[in-house]
Amino acid sequence: MPFPAKFATTCAVCGSPIRPGELITDVGDKAGTDRAARWAHVGCGQASLDLGAGAGPRTGPARSTREGASPPAQSTRPGVLRVWTDGACSGNPGPGGWAWATEDGRQGVGAESPSTNQRMEIKAALEAVRALPSDLVVVSDSTYVVHCFRDRWWQGWLARGWRTSKKTPVANRDLWEPLVTLVNERGDVTFDWVKGHSGDPMNDLVDELAVEASLAVRRP
């Protein structure tokens, strides 16, 4: 039965954003996804039923959530702005750097010391979402960042008072909390994964920028 969405998320069938208040339906495995990505626009859910289970391409999150796994790319929507983000750390922990960049030349760079690789990946995404308006796709080579939103880890964190399923405090909450809040307030931000060091020019660019920032912060 259709009902209004309470949170911004991604349609498990078409891969485009679902905004709070839009009518959604539970397609479950009928869309070829796991139970962490079952919500779809009402029209998309009906289309998946009409096509038959597993008939369409899988645009929902991958089943694996290990760092380095390869979640499928989300659909590119007309007029969408894509921003590439990356983080780097000289030691873990150690001096860290983060960067974001768009194909039209906009960039953001920063550093933190001490830091960790994961902190810098989140920070890069947070600063990109803060800086850029409109329909936005954040492209990251970190499954830690991408799966938080694709698999909606943040919903469990909020329900448990920012604790993991093992009842331990969520690491890097000071960065996760503003990012989750901003993404949900906006409702126009989705996340896409790219394999690191695979020849993607924009991924290579933000990697270089983040590494340079991490090296600069540790210089005397």
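Before any of the text, the structure's been laid out above.
Residues numbered from 1 in each chain as written. Predicted model: local features only at pLDDT ≥ 70, side-chain atom pairs only at ≥ 80, totals over all residues. Heavy atoms only, no water.

Asks: Can you help me understand the overall build of the protein chain in this one?
Replies: The number of helices and strands found in the protein chain is 6 helices and 10 strands. Expressed as a percentage of contacts within the protein chain between residues at least 6 apart in sequence, the contacts between residues at least 24 apart total 61%. Summing over all exposed atoms, the protein chain offers an accessible surface of approximately 10200 Å²; the carbon and sulfur share of this is 54%. (Helix = DSSP H or I, 4+ residues; strand = E, 2+ residues; numbered from the N terminus. Contact = heavy atoms within 4.5 Å. Areas by Shrake-Rupley, 256 points an atom, 1.4 Å probe, with all protein chains shown as cover.)

Asks: What's the story with the nonpolar core in this structure? I'm lost.
Replies: Taken as a class, soluble globular proteins show a tendency for nonpolar side chains to be buried jointly. Grouped together as the largest cluster of nonpolar side chains are 32 residues, with contacts concentrated most on Leu136, Val138, Phe149, Trp176, Leu179 and Phe191. The set of elements that each furnish at least two residues to this core consists of strand S6 (81–89), strand S7 (94–102), helix H2 (117–131), strand S9 (136–140), helix H3 (143–150), helix H4 (153–159), helix H5 (173–186) and strand S10 (189–193). The element that contributes the greatest number of residues to this core is H2, accounting for 7 residues. Not counting the four nearest positions on each side in its chain, Phe149 is found in contact with Trp154, Trp176, Leu179, Val180, Val183 and Phe191. In this structure, Trp84, Ala88, Val194 and Val206 belong to the second largest nonpolar core, which totals 11 residues. (Core = buried A, V, L, I, M, F, W, Y, C linked by side-chain atoms within 4.5 Å. Buried < 20%, exposed > 50% of the residue type's maximum accessible area, 1.4 Å probe, protein only.)

Asks: Any chance you could explain the packing of aromatic side chains here in plain terms?
Replies: One pass over the full model with this rule turns up 6 aromatic pairs. Seen in terms of ring centroids, Phe149 and Phe191 are 4.3 Å apart; in terms of plane orientation they differ by 0 degrees. Their pairing is stacked. Of this pair, Phe149 sits in helix H3 while Phe191 sits in strand S10, and the two are 42 residues apart along the sequence. Of the two residues, Phe149 and Phe191, both sit in the buried class. Taken together, Tyr144, Phe149, Trp153, Trp157, Trp162, Trp176 and Phe191 form an aromatic cluster joined through their ring pairs. (Phe/Tyr/Trp six-rings, centres within 6.5 Å; stacked < 30°, edge-to-face > 60°.)

Asks: When you look at the pattern of salt bridges in this model, what are you seeing that I'm missing?
Replies: One side chain can pair with another of opposite charge once the charged atoms of both are near each other. The full count for this structure, using the stated rule, is 9 salt bridges. Among the salt bridges present, the one from Asp174 reaches Arg119, with a minimum N-O distance of 2.9 Å. Residue Asp174 is found in helix H5, and its partner Arg119 is found in helix H2; the two are separated by 55 residues along the sequence. On the basis of relative accessibility, which here comes to 15%, the residue Arg119 falls in the buried class. (Salt bridge = Lys/Arg side-chain N within 4 Å of Asp/Glu carboxyl O.)

Asks: Please explain unusual backbone geometry as it appears in this structure.
Replies: A negative phi angle characterises most non-glycine residues, just as the trans form characterises most peptide bonds. Of note, the amide linkage connecting Asn92 to Pro93 takes the cis form, showing an omega dihedral of 15 degrees. Tracing the backbone shows Pro93 in the loop between S6 and S7. Cis geometry marks the peptide bond from Ser113 to Pro114, where omega comes out at 0 degrees. You can see Pro114 is positioned in strand S8 (residues 107–115). The backbone of Trp162 sits at a positive phi, close to 60 degrees, despite the residue not being glycine.

Asks: Please clarify how the environment of Leu136 should be interpreted in this entry.
Replies: Within the element layout of this structure, Leu136 appears in strand S9. On a C-alpha basis, the gap between Leu136 and Gly79 in space is 9.3 Å, while along the polypeptide they are 57 residues apart.

Asks: Would you mind going over the environment of Phe191 with me for this structure?
Replies: Using a relative accessible area of 2% as the deciding quantity, one classes Phe191 as buried. Separated by 66 residues in sequence, Phe191 and Ala125 place their C-alpha atoms 9.5 Å apart.

Asks: Just to check I follow, could you spell out the sheet that holds S7 for this structure?
Replies: In a beta sheet, neighbouring strands are held together by backbone hydrogen bonds and run either parallel or antiparallel to one another. Strand order in the open sheet formed by 5 strands is S8-S7-S6-S9-S10, with mixed pairing between adjacent strands. Each of the sheet's edge strands pairs with one partner strand only, and the pair in question is S8 and S10. Looking at each pair of strands side by side, their axes are set apart by 20 degrees on average, direction ignored. By the bridge criterion, 5 bridges tie S9 to S10 in an arrangement that is parallel. Counterpart to Val139 in the pairing with S10 is Asp192. On the sheet, H3 packs against S9 and S10 and is oriented at approximately 135 degrees with respect to S10. (Pairing = 2+ DSSP bridges. Axes fitted to C-alpha atoms, helices over the stretch in contact; angles between N-to-C directions.)

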